[in-house]
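Each chain, written out:
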Amino acid sequence: MHSSWRNCLFAGVAGGLLLFVATGVHSNFDSIWPCSFLRLGRQGGRRLSLSSFNDPNTRSYKSSPASAVLEDDLPGHRQQTHQQTRPPNILFLLLDQWRYDWDGHHTETQTGPLPLQTPFLWEMGRSGTRFTQAYTPSPFCAPARACLASGMEYEQTGVLINRPNNWNPDHTTIYKLLRDVGGYHTMTCGKDDLYYNDFRFPHYQNYKMRNLPDIDLGFSDAIRQDGKVRVMKDPPAHNKKQLNEPYRDFLNSQVVQMMNGTQISARDAYIACMTGEGPEGGCDATSFPESIYPDDFVRDRAIDLLKRKPSDSKPFFMQVNFPGPHHPVVVTSSMARSVMDRLWPPPVNPQQVEFAPSGEAMTCQQQWKLSGKKHVRVDPAKMKLVHPQKEGRCNYGAEIEHIDRLMSSIVEQLKATGEIANTVVVVAGDHGENLGDNGT
């Protein structure tokens, strides 16, 4: 199976509730989440399909997606559900372009050992169920997420390529059902790749796309943003309001300092790093810290949403959409240092030099030296001053490990507030990544 299609699922137990950890879709079972996306299937208990909610001939609101989580035939959950006074909270952590076997549970690849270190994912999978036969409805972001949101199969959503505004405005969403039928306070943050003109939370704040109807995606609160590449683009000259995008605005408001003492805009440093310009363009070991990193920004917004949600008795649903590890895979200096001395396996039949310059397992430093990049990667006098790195397997691993830490910090926030005991946690990837593999 093509690597960009295949993902995996695994589940853990914490706080007395099942924590469903997923990185893809299963192709054989009916689903609690739509488009065969987050499959409980026969390993998770009762089978339930939500696709009927977008079928006018069978649509029924007599049960909600949330109710399926509480079915008392879920393994190990029969007695606990009867004791609960309300449905559980749902924390849905969604990664972008996360390869199925880079989950911390695969220690071997076809070409050698994989030295990935993800303690959060390891513990989640270790304490529960892993779903190892999981497939996405599409190897593209927007179509996969449209399936997730609608409960419909790929060809029915209208979103066949990465154009979320092709969404059929007549479709309902799982978020709306959770809010209006399940009684949830629904939240989202980050790169959701959903329809832009939500009437309460448009993709661009205070700006709506022309010729698109307003719809209600079903969120009670939201902080939506662009992906890594679009953030680099300036808005059209005729409409500067499009600058009202939270991450772009954040970068424009921040100043960072380069190693030589020069202060520059955080967005200039971000663009220099994402485009591979190196120190000459403003990207060096000190100008691109985690404090302005895109995945950290999403984590911070997730905690903001948790802190400002109502303190009433409603359960919450929050979808946290990390931009990574989608390309451009660019990591900070400290992230690069954390993986630089490990041996990373090469791809199968590699065609791109950045993934496997010699076709053999090698450290990041060896890859940097052989890949022919135009700027100096490591200060030979001070090895700690590694410049931010771009692309390659070791950097993909570094970003996954960083997101692993960020996901753990969100769960720690719920532990601090005492909410984790009644929270179901789901981790998923919208689709996979080849990482230079060919013919697999």
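What counts and what doesn't
- Residues numbered from 1 in each chain as written.
- Predicted model: local features only at pLDDT ≥ 70, side-chain atom pairs only at ≥ 80, totals over all residues.
- Heavy atoms only, no water.
- Helix = DSSP H or I, 4+ residues; strand = E, 2+ residues; numbered from the N terminus.
- Buried < 20%, exposed > 50% of the residue type's maximum accessible area, 1.4 Å probe, protein only.
- Contact = heavy atoms within 4.5 Å.
- Areas by Shrake-Rupley, 256 points an atom, 1.4 Å probe, with all protein chains shown as cover.
- Axes fitted to C-alpha atoms, helices over the stretch in contact; angles between N-to-C directions.
- Parallel < 35°, antiparallel > 145°, perpendicular 65-115°, else oblique.
- Nonpolar A, V, L, I, M, F, W, Y, C, P; charged D, E, K, R; others polar.
- Core = buried A, V, L, I, M, F, W, Y, C linked by side-chain atoms within 4.5 Å.
- Polar contact = N/O pair within 3.5 Å; in protein donor to acceptor, adjacent residues only side chain to side chain.
- Expected span 1.5 Å × (residues − 1).
- Pairing = 2+ DSSP bridges.
- Salt bridge = Lys/Arg side-chain N within 4 Å of Asp/Glu carboxyl O.
- 1 Å grid on protein atoms, 1.4 Å probe; cavity = no way out; pocket = protein on both sides within 12 Å on 5 of 7 lines; lining within 4 Å.
- Points joined across faces, edges and corners; volume = space filled by probe spheres on them.

### A word on the overall build of the chain
Here is step 1: Scanning the chain for helices and strands turns up eleven helices and 14 strands.
Here is step 2: In the chain, which comprises 440 residues, the proportion classed as buried is 59%.
Here is step 3: Taking the intrachain contacts of the chain between residues at least 6 apart in sequence as the baseline, contacts between residues at least 24 apart amount to 70%.
Here is step 4: For the chain, the exposed area adds up to about 17,600 Å²; of that, 48% sits on carbon and sulfur atoms.

### Overview of the packing of helix α8 (residues 294–308) against helix α11 (residues 393–417)
Here is step 1: Between α8 and α11, the shortest axis-to-axis distance is 10 Å and the interhelical angle comes to 10°. With respect to each other, α8 and α11 are oriented roughly parallel. Listed contacts from α11 to D295, D296, R299, A302, I303, L306 and K307 of α8 are E399, H402, I403, L406, S409, I410, Q413 and L414.
Here is step 2: Partitioned by chemical class, the residues of the contact of α8 with α11 number seven nonpolar, three polar and five charged.

### Overview of the nonpolar core
Here is step 1: Core analysis: the biggest nonpolar cluster contains 64 residues, and L91, L93, M318, V320, F322, M407 and V427 have the highest contact counts within it.
Here is step 2: If you tally residues by element for this core, the top one is α11, at ten residues.
Here is step 3: Ignoring any residue separated from it by four or fewer positions in sequence, one finds V320 in contact with L91, F92, L93, L94, C189, V298, A302 and I410.
Here is step 4: L194, F219, A222 and A428 belong to the second largest nonpolar core, which has 24 residues in total.

### So, the environment of D430
Here is step 1: Structurally, the position occupied by D430 is in the segment after β14 (423–429).
Here is step 2: D430 gets classed as buried once you look at its relative accessible area, which sits at 0%.
Here is step 3: Polar side-chain contacts of D430 include one of 3.0 Å to the backbone nitrogen of Q97.

### Remarks on the side chain of H326
Here is step 1: Relative to the helices and strands, H326 is located in the loop between β11 (316–321) and β12 (330–331).
Here is step 2: Those residues in contact with H326 that lie beyond four places of it in its chain are D96, Q97, C141, K228 and E399.

### A few points about α11
Because an α-helix packs 3.6 residues into every turn, residues spaced three or four apart end up facing the same way.
Here is step 1: Relative to the 36 Å expected for 25 residues at 1.5 Å per residue, α11 spans 37 Å between its end C-alpha atoms, a close match to the ideal helical length.
Here is step 2: Within α11, 18 of the 25 residues are buried, leaving the element largely enclosed by the surrounding structure.
Here is step 3: Just beyond α11, the residue with positive phi is G418, at close to 80°.

### Comments concerning the sheet that holds strand β8 (residues 221–224)
Here is step 1: Strand order in the open sheet formed by five strands is β8-β7-β11-β3-β14, and the pairing between neighbours is parallel. A single partner strand is all that each edge strand has here, and the edge strands are β8 and β14. Direction aside, neighbouring strands of the sheet carry axes that sit 10° apart on average.
Here is step 2: The strands that helix α4 (residues 141–150) touches are β3 (89–95) and β11; relative to β3, the one it contacts most, it runs at about 165°.

### A word on the pattern of salt bridges
Here is step 1: In total, this model carries 21 salt bridges according to the counting rule given.
Here is step 2: The residue D180 makes a salt bridge to R179 at a minimum N-O spacing of 2.7 Å.
Here is step 3: In this structure D180 comes out as partly exposed when scored by relative accessible area, which is 46%.
Here is step 4: Look at R179 and you get buried, because its relative accessible area is 15%.
Here is step 5: D193 serves as the salt-bridge partner of K191, at 2.6 Å between the closest nitrogen and oxygen.
Here is step 6: Exposure remark for K191: the relative accessible area of 10% places this residue in the buried category.
Here is step 7: By relative accessible area, D193 is classed as buried at 18%.
Here is step 8: One salt-bridge network, in which partners are shared between bridges, spans D96, R145, K191, D193 and D430.

### Description of unusual backbone geometry
Here is step 1: Residue P325 is reached from G324 by a cis peptide bond, and omega for that bond is 0°.
Here is step 2: Within the element layout of this structure, P325 appears in the loop between β11 and β12.
Here is step 3: The phi angle at Q97 is positive, at roughly 65°, despite the residue not being glycine.

### What about the environment of I403?
Here is step 1: By the secondary structure assignment, I403 is in helix α11.
Here is step 2: Taking the relative accessible area as the measure of exposure, I403 reaches 0% and is therefore buried.
Here is step 3: Residues I403 and P323, 80 residues apart in the sequence, show an inter-C-alpha distance of 9.8 Å.
Here is step 4: With near-sequence residues (within four places) excluded, I403 lies in contact with L95, D295, F322, G324 and P325.

### Focus: the layout of surface pockets
Here is step 1: Roughly 520 Å³ of internal volume is contained in the largest pocket.
Here is step 2: Every residue lining the largest pocket is counted, 25 residues in all, and those nearest its centre are N162, K191, D193, Y196 and R230.

### Remarks on the pairing of β14
Here is step 1: Within β14, seven of the seven residues are buried, which leaves the element mostly enclosed by the surrounding structure.
Here is step 2: Neither face of β14 is left uncovered, since the one carrying T423, V425, V427 and G429 and the one carrying V424, V426 and A428 both have all their residues buried.
Here is step 3: The pairing of β3 with β14 spans seven bridges and is parallel. Directly across from L94, in β14, lies its bridge partner A428.

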